[in-house]
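Okay, here's what each chain looks like letter by letter:
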Amino acid sequence: MTGFADDMAAAAVRTATPLLLAALGETIAERAGVLNVGLEGTMLAGAFAGFLAGYVSGDPTVGLAGAVAAGALVAAAFALLAVRARIDQVVAGLFVNLLAAGLSALAFREIFRDAVFAAESRAVRAVPFADVSLPLLDAVPVLGAALRQSPLSLAAILLVPATAYLLSRTRIGLVIRAVGEAPEAADALGVSVARVRFGACLAMGALAGAAGASLTLAQSDTFIEGMTAGRGFIALAIVIFGRWNPYGVLVASLFFGAASALQYRFQALSLGIPHQAFLAAPYVLTLLCLFGLGGRARTPAALARPFSREHD
Amino acid sequence: MTRARGLGRELVQAAVLVAAAAATVLVLLVAFGHDPLVAASVLFRAAFGTPGNFAVTLVKATPLLVLGTAVAIAFRAAVWNVGADGQFLAGAIAATAVGVAAGPLPSLVAIPLVLAAAAAGGALAASPPAVLRLARGTPEVIGTIMMNFVIGFLLGYLLEEGPLREAAGTFPQSDPLAPSARLPRFDEASRLHAGLPVAILLALAAHLFLSRTLGGLRHRAAGLNARAAEAAGIPVRRVAFLALLVSGSIAGLAGAIEVAAITRRLFTGFSGGIGYTAIAVALLGRLSIPAVAAAALFFGALDVGAASLQRAAHVPPTLALVVQGTLLALSALFAESGRRAARRRAEAAA
């Protein structure tokens, strides 16, 4: 029984890691008033760049750095369009998704053409992060197993209080929230709305890139086309579920991670519940959550609204 | 005078877009060591080279025209329907459910039934976010995206272990539609089919609605400036609600046309993300239906050309996605700069 609990806890944390990283980044961006529907593509770019850098260097840390850089680069392109040029944020996000899906698949097939054709799948593997176990916690039942993870998972968990502190206790956080709630007022106080939003986007991109790396350098050791498989959209849902609060985001990520881990168990048990029901659950729950939020939604007031100093 | 200048501007922008698409393809091909001249001629010949090839381009453009119209209708009312993909699937599911069972009915009954079911299916898929917006004022972007996944998994269930699974039970696909429920093809080689005139009529109707009717005026007014429209007595929430449902039903029709004329059965991964491409089509056409039709033709040609590039030179067809994304961003940039110029002119006049 402890074996089952250990396995489930470990699987939940492992599955939750990319969701948590991406959702934390998106939380920062959304608190600054930027909705990035292109989170999926940003993750995918990180997954590919992380794999490529890890593969070439043979070092997962270099891979992670590549993923973070790629995520930030993609987010900078997004921010140029959505924050500087002020095109609709949804359109800019879709641009990121199309571009990342197209380019990553194109580059992967072109770079690894020979290996892929020869089906030498061993040839296109990177060295993944090794799991680490924490000295004292490792002995604690269930928790020890849950935390026997790649350093990326542990970093993701540590980033939760860090992000919460940043957003609620620091001047930077105050400015971010001001820009997301009342950009006109922030502007009147001399805050550069565009600069703050740009910075928030870079943080979002770096974290989404790391989320991608956790797919290619921790959960697996290779890149597969479209391997984010909707996780970026689940992360968007998690931000809503977690009510734009890092701790809420942690709980929602673990919940979705556990649901996804359970899905495999239930499939094996064949209880007559179609496994697609588990796969669809996060999305259905998000719709229900949106309904529950309703009029008193604590959505950042200026979310997805471009800011311009000129009068509209 | 202003009109002529506006037209000139649009033509210049269209030329820039085409050049940007060509440049994107060129840069990527050269970057990965392909001969761009050979590739360009393969691409162009595949899409436009012979009447037969052009017919294939039309076949690929047909669902894009219908879906692009669906997206444009929503966007014109400032309703961000990102759910065309799911609505397309929902339409195809409903069309298949009716079409497989329609064996005993004559085509004159079966085909309208299939289309009606698809329109209802698409509207149904659009209804959760539409109700959310109507009842709670919740923005529809996230909800429509969530529905894409819900419908995608529903399709997987229906075909893998649900009631739409083929009788043989071998593959995750449906049985073929009854012959009487299929849309006739004009030509078997290209599969050019009766869905094309249907698509054109649909687009024409949407264009006339938007440009010539009072309903269309209210629709556009709600999209341009919700507060001003509200002040003028237009029920903006209700307009948005209906816009999303109508958009969903048109997207559903696209699903029916594709399944009843081309694939004739449903399978997992049926949409292939075409509902997202449709957003690029609608925006490339600046949400104006005639231009959306041109954009659909362009993307249809791109699709055909990319597929033949893969066969001829092993260039991955995801090249097309990069071009779509580039055009999407550029056309949005043009639209935004146009809006700003218009605002400046209005301020200067005032």
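Refer to the structure above for everything that follows.
In this report, the structure presented in the accompanying data block is examined. Predicted model only: the values in this text are computed from it and were never measured.

## Concerning the overall build of chain B
Along its length, chain B carries 13 helices and zero strands. Starting at the N terminus, the α and β elements of chain B follow one another as α-α-α-α-α-α-α-α-α-α-α-α-α. For a compact globule of 350 residues, the expected C-alpha radius of gyration is about 20 Å, and chain B comes in at 21 Å, within 12% of that figure. Overall, the C-alpha framework of chain B stretches about 70 × 55 × 35 Å when taken along its three principal axes. A total of 350 residues make up chain B; the buried ones form 53% of that total. In chain B, the share of contacts with a sequence separation of at least 24, taken over all contacts with a separation of at least 6, comes to 78%.

## What about the environment of B:Ile234?
Residues and elements named next belong to chain B. For isoleucine 234, the position within the fold is in the loop between α9 (226-231) and α10 (236-263). Taking the C-beta count within 10 Å as the criterion, isoleucine 234 has 17 such neighbours and is therefore assigned partly exposed. Between the C-alpha atom of isoleucine 234 and that of alanine 251, which follows or precedes it by 17 residues, the distance is 26 Å. Not counting chain neighbours up to four residues away, the residues in contact with isoleucine 234 comprise Arg218, Ala221, Ala222, Ala229 and Val239.

## Focus: the interface of chain A and chain B
Each partner contributes residues to the interface: chain A has 37 residues there, and chain B has 37 residues. Mapped onto the side of chain A that touches chain B, the elements with two or more residues apiece are α4 (89-111), α11 (231-241) and α13 (275-293) of chain A. Here the side of chain A that touches chain B takes 13 residues from α4(A), the largest share from any one element. Here the side of chain A that touches chain B is built from residues that sort into 27 nonpolar, six polar and four charged.

## Some thoughts on the packing of helix α2 (residues 36-48) of chain B against helix α12 (residues 289-313) of chain B
Residue and element names in this part refer to chain B. Relative to each other, α2 and α12 sit at 130°, their axes nearing to 8 Å. One finds that α2 runs oblique with respect to α12. Here α2 and α12 pass one another in a crossing that is right-handed. Here Ala39, Val42, Leu43, Phe44, Ala46, Ala47 and Phe48 of α2 come into contact with α12, specifically with Ala301, Val304, Gly305, Ser308, Leu309, Ala312 and Ala313. Among the residues forming the contact of α2 with α12, the class breakdown is twelve nonpolar, two polar and no charged.

So, how was this worked out
- Position labels on residues start from 1 in each chain and follow its written sequence.
- Chain labels run from A onward and ligand labels from 1 onward, assigned in the order the entries are written.
- pLDDT decides what is reported in this predicted model: residues at 70 or higher carry local features, side-chain atom pairs at 80 or more are listed and counted, and totals for whole chains, interfaces and linings draw on all residues regardless.
- In DSSP terms, a helix is any run of H or I states spanning at least four residues, a strand is any run of E spanning at least two, and both are numbered starting from the N terminus.
- The size measure is the radius of gyration over C-alpha atoms, and the globule rule it meets is 2.2 Å times the number of residues to the 0.38 power.
- To sort residues by burial, count the other C-beta atoms lying within 10 Å of each one's C-beta; a count of 20 or more means buried, 12 or fewer means exposed, and anything in between means partly exposed. C-beta atoms are built from the backbone.
- Here, residues touch in the contact sense if the C-beta positions derived from the backbone fall within 7 Å of one another.
- In this count, Pro and Cys sit with the nonpolar residues alongside Ala, Val, Leu, Ile, Met, Phe, Trp and Tyr, while Asp, Glu, Lys and Arg are called charged and the others, Gly among them, polar.
- Helix axes are fitted to C-alpha atoms over the stretch in contact, other axes to C-alpha atoms as well, and angles between N-to-C directions run from 0 to 180 degrees.
- Roughly parallel means an angle under 35 degrees; roughly antiparallel, over 145; roughly perpendicular, 65 to 115; everything else is oblique.
- Here is the rule for handedness: rotate from the far helix to the near one, and if that takes an anticlockwise turn smaller than a right angle the crossing is left-handed, while a clockwise turn gives right-handed.

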